[in-house]
Amino acid sequence: MNTLMQKLRSFLADEQGATAVEYGLMIALIAAAILVTVGLLGTELNTKFTTVKDAVKNAGSTGGTGGTGGTGG
C-alpha cells in the first residue's frame, strides 16, 4: 500500500505532461499569429501589385513613341 501511495504522489508531482501541453499551446498561438499576418500582408501586397500593374498598363497606353516609331536610318 505504501508503494502505491508513493507512485500516486510521484504521478501527481510530475509536471512533464503539463509542460508539453503548454508548449503545444504556444506553438498553436504562434502558428495562428503567422497565418493572420501572412493573410493580411498577402492581401495588401496583392492590392499593391495590382495598383502597379494598372499604372504600368495605363502608362503604356497614353501614347508616346514606345520605341517603335521614329525615322528609319
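Structure first, text after, so check above.
Quick caveat, the model's predicted, so the values are computed rather than measured.

Enquirer: What is the right way to look at the overall build of the chain in this model?
Expert: Along the chain, the regular secondary structure elements total two helices and zero strands. Counting across all 73 residues of the chain, residues that qualify as buried make up 0%. Of the accessible surface of the chain, which amounts to about 6800 Å², a share of 66% is contributed by carbon and sulfur atoms.

Enquirer: Explain helix H1 (residues 2-13) here, please?
Expert: Helical geometry: 3.6 residues make up each α-helical turn, so side chains three or four residues apart lie on a common side. The end-to-end C-alpha separation of H1 is 17 Å, in line with the 16 Å expected for twelve residues at 1.5 Å each. The element H1 is barely covered by neighbouring structure, given that only zero of its twelve residues are classed as buried.

Enquirer: Explain a nonpolar patch on the surface here, please?
Expert: Taken together, Met-1, Leu-4, Met-5, Leu-8, Phe-11 and Leu-12 make up a surface patch of nonpolar side chains, about 730 Å² in accessible area. Here Met-1 lies in the segment before H1. Judged by relative accessible area, Met-1 falls into the exposed class, the value being 77%.

Thresholds, definitions, all that
- Residues numbered from 1 in each chain as written.
- Predicted model: local features only at pLDDT ≥ 70, side-chain atom pairs only at ≥ 80, totals over all residues.
- Heavy atoms only, no water.
- Helix = DSSP H or I, 4+ residues; strand = E, 2+ residues; numbered from the N terminus.
- Buried < 20%, exposed > 50% of the residue type's maximum accessible area, 1.4 Å probe, protein only.
- Areas by Shrake-Rupley, 256 points an atom, 1.4 Å probe, with all protein chains shown as cover.
- Expected span 1.5 Å × (residues − 1).
- Patch = residues over 30% accessible without salt bridge, like charges linked within 9 Å, V, L, I, M, F, W, Y side chains within 5 Å.
- Salt bridge = Lys/Arg side-chain N within 4 Å of Asp/Glu carboxyl O.

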